Amino acid sequence: QVQLVESGGGLVQAGGSLRLSCAASGNIFSINSMGWYRQAPGKQRELVAQIIEGGVTNYREFVKGRFNISRDNVKNTVYLQMNSLNHEDTAVYYCNAVARSTRWDPLLPYWGQGTQVTVSS
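Our subject in this report is the structure included herewith. (Residues numbered from 1 in each chain as written. Predicted model: local features only at pLDDT ≥ 70, side-chain atom pairs only at ≥ 80, totals over all residues. Heavy atoms only, no water.)

**Some remarks on the overall build of the protein chain**
Line of reasoning, step 1. Each helix and strand in the protein chain was counted, giving 0 helices and 11 strands.
Line of reasoning, step 2. Put simply, the protein chain runs from its N terminus to its C terminus through helices and strands in the order β-β-β-β-β-β-β-β-β-β-β.
Line of reasoning, step 3. In terms of overall dimensions, the protein chain is globule-like: its C-alpha atoms have a radius of gyration of 14 Å, near the 14 Å expected for 121 residues.
Line of reasoning, step 4. Projecting the C-alpha coordinates of the protein chain onto the three principal axes gives extents of approximately 50 × 25 × 25 Å.
Line of reasoning, step 5. Each of the 121 residues in the protein chain was classed as buried or not, and the buried ones make up 40%. (Helix = DSSP H or I, 4+ residues; strand = E, 2+ residues; numbered from the N terminus. Rg over C-alpha atoms; globule rule 2.2 N^0.38 Å. Buried < 20%, exposed > 50% of the residue type's maximum accessible area, 1.4 Å probe, protein only.)

Following this line, the structure appears as structure tokens:
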């Protein structure tokens, strides 16, 4: 079983920046991808950014150019650098990893507990 722990959320003024971190631990055979999702009150959870082994990244259009996702494969940690934050970015941000616990297990999604990001107007 894989555990994910997010950190780095907080309160920031519009136009400011935050850096989120997510560390994976536990039984990990391999991690195929790691990413960030967010969920605002009354809305569905949505993809923000994802990074796949090999360094390929995917961004939603509403964050492209402002956010940057990176990954440290040695530390099994993914980062999300968020710049030019606005009020619409306010949400709980969840870390996601698609991983195998053993070589015989299938790829499964794992989720962190979430970290709150609040952007004041």
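**A few points about the state of the cysteines**
Line of reasoning, step 1. Applying the stated rule across the entire model yields 1 disulfide.
Line of reasoning, step 2. What pairs with Cys22 in a disulfide is Cys95, and their sulfur atoms sit 2.0 Å apart. Because the sign of the S-S torsion sets the handedness, a value of about -85° for the bond joining Cys22 and Cys95 places this disulfide among the left-handed ones. Note that Cys22 is positioned in strand β3 (residues 18–26) and Cys95 in strand β9 (residues 91–100), a separation of 73 residues in sequence.
Line of reasoning, step 3. Residue Cys22 is classed as buried on the basis of its relative accessible area, which comes to 0%. (Disulfide = S-S within 2.5 Å.)

**Observations concerning the pairing of strand β5 (residues 46–52)**
On any regular strand, side chains alternate: one points to one face of the sheet, the next to the other face.
Line of reasoning, step 1. The pairing of strand β4 (residues 30–39) with β5 spans 6 bridges and is antiparallel. Bridging from a neighbouring strand, Met34 pairs with Ile51 of β5.
Line of reasoning, step 2. In textbook terms, the turn of a hairpin is the stretch between consecutive antiparallel strands, and for β4 and β5 this stretch comprises 6 residues, one of which, Gly42, has a positive phi near 80°.
Line of reasoning, step 3. Pairing of β5 with strand β6 (residues 57–59) involves 3 bridges; the strand directions are antiparallel. The residue bridging Gln50 from the neighbouring strand is Asn58, located in β6.
Line of reasoning, step 4. Remark: 4 residues form the turn of the hairpin made by β5 and β6, two consecutive strands paired antiparallel; Gly54 in that turn has positive phi of roughly 105°. (Pairing = 2+ DSSP bridges.)

**Description of the environment of Gly54**
Line of reasoning, step 1. On the secondary structure map, Gly54 appears in the loop between β5 and β6.
Line of reasoning, step 2. A residue is classified by how much of its surface remains accessible, and Gly54, at 81% relative accessible area, is exposed.
Line of reasoning, step 3. Note: C-alpha distance between Gly54 and Val12 (42 residues apart in sequence) is 32 Å.

**Quick notes on unusual backbone geometry**
Line of reasoning, step 1. A positive phi angle is found at Asn76, which is not glycine, with a value near 50°.
Line of reasoning, step 2. Of the residues examined, Asn76 reaches a relative accessible area of 21% and is grouped as partly exposed.

**Examining the nonpolar core**
Line of reasoning, step 1. Core analysis: the largest hydrophobic core is formed by 29 residues, its most contacted members being Leu4, Met34, Trp36, Leu80, Met82 and Tyr93.
Line of reasoning, step 2. Counting only elements with at least two residues in this core, the list comes to β1 (2–7), β3, β4, β5, β7 (67–72), β8 (77–82), β9 and β11 (115–120).
Line of reasoning, step 3. Ranked by the residues each element gives to this core, the list is headed by β9, at 5 residues.
Line of reasoning, step 4. Contact partners of Tyr93, with chain neighbours within four places excluded, come to Glu6, Leu20, Trp36, Tyr37, Arg38, Val48, Phe67, Leu80, Met82, Gly114, Thr115 and Val117. (Core = buried A, V, L, I, M, F, W, Y, C linked by side-chain atoms within 4.5 Å. Contact = heavy atoms within 4.5 Å.)

**Notes on the sheet that holds β8**
Line of reasoning, step 1. Taken in spatial order, the 4 strands of this open sheet run β1-β3-β8-β7, and their pairing is antiparallel. Looking along the sheet, the strands with just one partner apiece sit at the ends: β1 and β7. Neighbouring strand axes in the sheet, compared pairwise and without regard to direction, differ in orientation by 15° on average.
Line of reasoning, step 2. In the sheet, β1 pairs with β3 via 6 bridges, with the strands oriented antiparallel. Bridge pairing in β3 places Ser7 opposite Ser21. (Axes fitted to C-alpha atoms, helices over the stretch in contact; angles between N-to-C directions.)

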